[in-house]
Amino acid sequence: MEGTSIYTISSIKKAWELRSKFHAWINGLPPTLKNIFDKPPTSIFNYQVYLHLTYHYYFINLGLPFLMLILRIMQSERHIKLKKTDPIFVLAISAISCSKQLFTIINFEFEKDLFNGSVYNDIYILYHSTLIFTIAIVVVSNKNAESILDLKYLEAKKNVSKEKIWHIISKIGELNKKLQPLTSGSNREVSQNIEMLVENVS
């Protein structure tokens, strides 16, 4: 993989280092910014929520290339069993986990009426989360998935399985329908793209 663009050893190392910096940053936030979702809605400000959305959104973009790499491996003849400590595995699964967090945060915003005009950004982020889940479904459903990934570990420890991904995609579809009336123009198109992805996966 050393000669394949972003999948060089040095690029994987840089992505791993960036992951460590993200973790250090989120863990270093003061309680007023870090533990916001246990507060009453009247005590939560939009910028606090946006901070967490941005953090998880960066993480899915960091992990997406490695999720795609796993799919490439599955579609090739190189069936390499990835250990659960392998950076490629960890970074790829972090994209799925952070996509779940993004859905949870956006759903929280809707239930607590916290959008305050931010729905346009949130629809865009929700679309990228849906893309991650769409790719994840393809990965875990692949006929070679079991020979490359520890599917039992993923379900038991990371709450990742075909059925659970389908479930959250259906939840995204429900949330998107609620948000669609709040969109217009290009954001309405993004919402419609989410709808199309959900329908195709379902």
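One can find the structure itself at the top, above this paragraph.
In short, a report on the structure. (Residues numbered from 1 in each chain as written. Predicted model: local features only at pLDDT ≥ 70, side-chain atom pairs only at ≥ 80, totals over all residues. Heavy atoms only, no water.)

What follows deals with the overall build of the protein chain. Assigned secondary structure in the protein chain consists of nine helices and zero strands. Shown N-terminal to C-terminal, the secondary structure of the protein chain runs as helices and strands in the order α-α-α-α-α-α-α-α-α. For 202 residues, the compact-globule formula gives about 17 Å, and the C-alpha radius of gyration of the protein chain, at 18 Å, lands near that figure. For the protein chain, the spread of C-alpha atoms along the principal axes amounts to about 50 × 40 × 30 Å. For the protein chain, buried positions account for 47% of its 202 residues. Relative to all contacts within the protein chain whose residues are 6 or more apart in sequence, the contacts with residues 24 or more apart total 75%. Only carbon and sulfur atoms are counted for the fraction: they give 55% of the accessible area of the protein chain, which is about 10,800 Å². Of the charged side chains in the protein chain, 23 are positive and 17 negative; the average position of the first set lies 7 Å away from that of the second. (Helix = DSSP H or I, 4+ residues; strand = E, 2+ residues; numbered from the N terminus. Rg over C-alpha atoms; globule rule 2.2 N^0.38 Å. Buried < 20%, exposed > 50% of the residue type's maximum accessible area, 1.4 Å probe, protein only. Contact = heavy atoms within 4.5 Å. Areas by Shrake-Rupley, 256 points an atom, 1.4 Å probe, with all protein chains shown as cover. Lys, Arg positive; Asp, Glu negative; His and termini not counted. Charge placed at Lys NZ, Arg CZ, Asp CG, Glu CD.)

Taken as a whole and judged by the stated rule, the model has one salt bridge. One salt bridge connects E174 with K171, and the closest N-O pair in it is separated by 4.0 Å. Residue E174 and its partner K171 are located together in helix 8 (residues 162-179), separated by three residues, close to a single helical turn. (Salt bridge = Lys/Arg side-chain N within 4 Å of Asp/Glu carboxyl O.)

Let us now look at the packing of aromatic side chains. For the coordinates displayed, the defined rule picks out nine aromatic pairs. Plain terms: the ring middles of F22 and Y55 are 6.4 Å apart, the flat faces sit at 75° to each other, and that makes the pair edge-to-face. Here the residue F22 occupies a position in helix 1 (residues 9-27), and Y55 occupies one in helix 3 (residues 46-75), the gap between them amounting to 33 residues. For the pair F22 and Y55, a shared accessibility class is recorded, and that class is buried. Through a chain of ring-to-ring contacts, the aromatic side chains of F22, W25, Y55, Y58 and F59 assemble into a single cluster. R19 extends its terminal NZ or CZ atom over the ring of W16, reaching a point 4.5 Å from the ring centre. Its guanidinium or amino end placed over the ring of Y153, K84 lies 5.3 Å from that ring's centre, counting from NZ or CZ. (Phe/Tyr/Trp six-rings, centres within 6.5 Å; stacked < 30°, edge-to-face > 60°. Lys NZ or Arg CZ within 6 Å of the ring centre and 35° of its normal.)

Next up on the list: the packing of helix 1 against helix 4 (residues 87-111). At a closest axis distance of 10 Å, the pairing of helix 1 and helix 4 adopts a crossing angle of 50°. The pairing of helix 1 with helix 4 is recorded here as oblique in orientation. For helix 1 against helix 4, the interelement crossing comes out left-handed. Counting all contacts with helix 1, which are made through I12, A15, W16 and R19, the residues of helix 4 involved are P87, I88, V90 and L91. Residue classes in the contact of helix 1 with helix 4 are distributed as seven nonpolar, no polar and one charged. (Axes fitted to C-alpha atoms, helices over the stretch in contact; angles between N-to-C directions. Parallel < 35°, antiparallel > 145°, perpendicular 65-115°, else oblique. Left-handed = near helix turned anticlockwise from the far one by under 90°. Nonpolar A, V, L, I, M, F, W, Y, C, P; charged D, E, K, R; others polar.)

Our next topic: the packing of helix 4 against helix 5 (residues 119-141). It is at 9 Å that the axes of helix 4 and helix 5 come closest, and there the two elements cross at 145°. In this structure, the crossing between helix 4 and helix 5 has a hand that is left-handed. Mapping the contact onto sequence places A95, I96, S99, K100, L102, F103, I106 and E109 in helix 4 and D122, I125, L126, S129, I132, F133 and A136 in helix 5. The residue inventory of the contact of helix 4 with helix 5, partitioned by class, reads ten nonpolar, two polar and three charged.

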